[in-house]
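# Structural overview
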Amino acid sequence: MSGYAKPLPRITPDNGPFWEAARRHELRLQRCLACGQVWYPPAPVCPGCLSDRHQWAPMSGRGTVSSFVVFHKAWFPAFASETPYAVVQVELEEGPRLTANLVDVPPGEIRVGMPVTVVFDDVTPEISIPRFRRAP
Ligand SMILES: [Zn+2]
């Protein structure tokens with residue numbers, strides 16, 4: 001057991017491959033084998049054409065901040081020591097948007113349109129959480 005006190009993802013049959021890839025420090029999302037759409041969050045069928053044929057395709061990990069919010073209140077006690085902290089929405093080059101945290105960017109420096117790239121935070125032996133840092 002680790003001392004990680006923050007909420008952890010609940011692994012399901014739909015999202016298992018996402019978290020297995022993250023543990024290897026790979027960002028993989030579902031890509032439809034019928035129409036090519038890439039989607040997130042994980043779902044059993046393509047939101048574009050409803051095909052159930054897909055692959056877990058590697059993503060570039062690059063994107064831009066499309067939205068963010070700064071929390072000044074700790075809704076989870078485990079975050080109390082970190083307020084204020086930001087939660088960002090990152091639009092990946094491939095299209096889907098992920099909700100994540102930025103590392104090494106103070107909340108006051110976050111801007112919509114900021115280029116970012118994925119990094120992985122090994123929070124437990126089983127779970128590595130994708131986060132983003134400012135792209136060089
Ligand atoms: Zn499709």
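Everything that follows concerns the structure shown earlier in this document.
This section reports on the structure supplied with the text. This structure is a prediction, so every number in the text was calculated from the model and none was measured. (Residues numbered from 1 in each chain as written. Predicted model: local features only at pLDDT ≥ 70, side-chain atom pairs only at ≥ 80, totals over all residues. Heavy atoms only, no water.)

### Regarding the packing of aromatic side chains
- Here the structure, examined in full by the defined rule, presents 5 aromatic pairs.
- Pairing phenylalanine 18 with tyrosine 40 gives two aromatic rings, centres 5.3 Å apart and planes at 45°, and the pair type is tilted. Placement of phenylalanine 18 in helix H1 (residues 16–23) and of tyrosine 40 in the loop between strand S2 (38–39) and strand S3 (54–58) is noted, with a sequence separation of 22 residues between them.
- Residue class for phenylalanine 18 comes out buried when judged on its relative accessible area of 3%.
- Each ring, one from phenylalanine 79 and one from tyrosine 85, has its centre 5.1 Å from the other, and the planes form 20°; the classification is stacked. Like tyrosine 85, phenylalanine 79 is buried.
- An aromatic cluster is built from Phe71, Phe76, Phe79 and Tyr85, whose rings are joined through pairwise contacts.
- Across from the ring centre of tryptophan 75, 5.0 Å away, lies the NZ or CZ of lysine 73, which sits over that ring. (Phe/Tyr/Trp six-rings, centres within 6.5 Å; stacked < 30°, edge-to-face > 60°. Helix = DSSP H or I, 4+ residues; strand = E, 2+ residues; numbered from the N terminus. Buried < 20%, exposed > 50% of the residue type's maximum accessible area, 1.4 Å probe, protein only. Lys NZ or Arg CZ within 6 Å of the ring centre and 35° of its normal.)

### Thoughts on the coordination of the zinc ion
- Only Cys32 (SG), Cys35 (SG), Cys46 (SG) and Cys49 (SG) from the protein reach the zinc ion as donors, at distances of 2.2 to 2.4 Å.
- Between consecutive donors of the zinc ion, the numbers of intervening residues give the motif C-x2-C-x10-C-x2-C. Of this pair, cysteine 32 sits in strand S1 (residues 28–32) while cysteine 49 sits in the loop between S2 and S3; the two residues are 17 residues apart in sequence, bridging distant segments of the chain. (Donors = N, O, S within 2.8 Å, 3.2 Å for Na, K, Ca; no water.)

### Considering the environment of glycine 48
- Its location among the elements puts glycine 48 in the loop between S2 and S3.
- On the basis of relative accessibility, which here comes to 49%, the residue glycine 48 falls in the partly exposed class.
- Residues glycine 48 and glycine 36, spaced 12 residues apart in sequence, show a C-alpha to C-alpha distance of 9.1 Å.

### Some remarks on the pairing of strand S8 (residues 115–122)
- Direction of pairing for strand S4 (residues 62–71) relative to S8: antiparallel, over a ladder of 3 bridges. Directly across from threonine 64, in S8, lies its bridge partner proline 115.
- The pairing of S8 with strand S9 (residues 128–134) spans 7 bridges and is antiparallel. Its bridge partner lying in S9, aspartate 122 is registered against serine 128.
- The hairpin turn running from S8 into S9, its antiparallel successor, is 5 residues long. (Pairing = 2+ DSSP bridges.)

### Notes on the pattern of salt bridges
- Going through the model one piece at a time under the given rule, you end up with 7 salt bridges.
- Among the ionic pairs, glutamate 26 bridges to arginine 24, the shortest N-O distance being 3.3 Å.
- One network of salt bridges, in which partners are shared, links Arg24, Glu26 and Arg28. (Salt bridge = Lys/Arg side-chain N within 4 Å of Asp/Glu carboxyl O.)

### Structural notes on the sheet that holds S8
- Judged by pairing direction, the sheet is mixed, and its 6 strands sit side by side in the order S6-S5-S4-S8-S9-S7 without closing on themselves. Of all the strands in the sheet, the pair left with one neighbour each is strand S6 (97–100) and strand S7 (102–103).

### Notes on the sheet that holds S1
- Pairing is antiparallel across the open sheet formed by 3 strands, whose spatial order is S2-S1-S3. Each edge of the open sheet carries a strand with a single partner, namely S2 and S3.

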